[in-house]
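Reading the structure
One-letter residues, chain by chain:
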Amino acid sequence: SRDGLYDGLGVIIHLSRLHPESLDESIGQVENIANRLSKTHPDRLPSLDATTILSLDGSLHSYISSLLDVLAVENSVLPSVWAGMEMAILSLASQVVRLPIHEALSSNSPRAVQTGKLSTLPLNGLIGRAADSGGTHLQRLRYHDFNFPSWKLKIGHRSLEDDVVALESVLSQNTSTFTV
């Protein structure tokens with residue numbers, strides 16, 4: 001996010017029977033996009049309207065397209081990379097509206113708004129990592145208020161020390177509900 005409070009979490013995986021690209025091609029494209037993003041002033045990036053993105057009415061596609069235009073990504077984006085970008089942006093949008101992603105998607109769908117009913121099955125919560133000092137996003141959302149039967153903390157993409165700090169931070173919040 002522009003303010004550095006949130007990280008979008010997306011998975012880019014090579015599925016040989018689904019995606020025509022190789023893993024190396026996907027990695028190269030992600031590195032190219034990340035490099036361009038790091039060199040772009042935040043004011044040039046398209047504004048992310050979280051509620052609109054979460055409505056899944058085509059706005060997510062439009063947002064990614066406009067982002068890629070600003071970044072001047074010339075080649076078409078590989079399917080695995082596009083899917084990972086969608087996941088990351090949906091992750092960001094759910095954090096902005098301060099709801100777990102399953103609730104954010106349900107509450108912003110046109111059908112849920114019309115009926116006023118939300119039917120979701122929360123399987124696990126995801127504790128995203130902040131861009132600074134190994135912290136966690138969902139601490140800001142008071143993750144203990146969400147009644148998930150399990151939680152997943154993303155580790156392994158930072159230093160071991162940062163991962164340990166993040167895990168200790170989560171466990172120190174409420175040790176009676178967390179076990180490792």
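Criteria and thresholds
Residues numbered from 1 in each chain as written. Predicted model: local features only at pLDDT ≥ 70, side-chain atom pairs only at ≥ 80, totals over all residues. Heavy atoms only, no water. Helix = DSSP H or I, 4+ residues; strand = E, 2+ residues; numbered from the N terminus. Buried < 20%, exposed > 50% of the residue type's maximum accessible area, 1.4 Å probe, protein only. Contact = heavy atoms within 4.5 Å. Areas by Shrake-Rupley, 256 points an atom, 1.4 Å probe, with all protein chains shown as cover. Core = buried A, V, L, I, M, F, W, Y, C linked by side-chain atoms within 4.5 Å. Expected span 1.5 Å × (residues − 1). Axes fitted to C-alpha atoms, helices over the stretch in contact; angles between N-to-C directions. Parallel < 35°, antiparallel > 145°, perpendicular 65-115°, else oblique. Nonpolar A, V, L, I, M, F, W, Y, C, P; charged D, E, K, R; others polar. Left-handed = near helix turned anticlockwise from the far one by under 90°. pLDDT = per-residue confidence, 0-100.

1. Re the overall build of the chain
Each helix and strand in the chain was counted, giving 7 helices and 2 strands. When the elements of the chain are put in sequence order from the N terminus, they spell out α-α-α-α-α-α-β-β-α. Counting all 180 residues of the chain, 34% fall into the buried class. Of the contacts formed within the chain by residues at least 6 apart in sequence, a portion of 69% connects residues at least 24 apart. Looking at the chain as shown, the accessible area adds up to about 10,900 Å², and 54% of this sits on carbon and sulfur atoms.

2. Topic: the nonpolar core
Core analysis: the biggest nonpolar cluster contains 21 residues, and Ile33, Ile53, Ile64, Leu68, Val77 and Met85 have the highest contact counts within it. Every element with two or more residues in this core is listed here: helix H2 (50–54), helix H3 (59–70) and helix H4 (79–96). No other element matches H4, which puts 6 residues into this core. If we ignore the near neighbours within four places in the chain, the residues touching Leu68 are Ile33, Val73, Val77, Trp82 and Met85.

3. A closer look at H4
The terminal C-alpha atoms of H4 lie 26 Å apart, and with 18 residues this matches the ideal 26 Å at 1.5 Å per residue to within 8%. In terms of burial, H4 is a largely internal element, 13 of the 18 residues being buried. Residue Arg98 follows H4 closely and has a positive phi angle near 60°.

4. Regarding the packing of H4 against helix H5 (residues 101–108)
For any two helices packed against each other, one specifies the crossing angle of their axes together with the interaxial distance. In contact at an axis separation of 9 Å, H4 and H5 are set at 85° when each is read in the N-to-C sense. The orientation of H4 relative to H5 falls into the category roughly perpendicular. Taking contact as the criterion, the partners of Leu90, Ser91 and Ser94 in H4 are, on H5, Ile101, Ala104 and Leu105. Partitioning the contact of H4 with H5 into residue classes produces 4 nonpolar, 2 polar and no charged.

5. Remarks on the packing of helix H1 (residues 23–38) against H4
Between H1 and H4, the least distance of the axes is 9 Å, while the angle of their chain directions is 50°. Looking at the two axes, H1 sits oblique to H4. In the packing of H1 onto H4, the handedness of the crossing is right-handed. Mapping the contact onto sequence places Ser26, Gln29, Val30 and Ile33 in H1 and Ser80, Val81 and Met85 in H4.

6. As for the confidence of the model for the chain
Residue-level pLDDT values for the chain average 76, and 69% of them are 70 or greater. No element of the chain has a lower mean pLDDT than helix H6 (residues 110–115), which averages 51, and none a higher one than H3, which averages 93. In the model, residues 133–143 has pLDDT below 50 throughout and makes 42 contacts with residues more than four positions away in sequence or in other chains.

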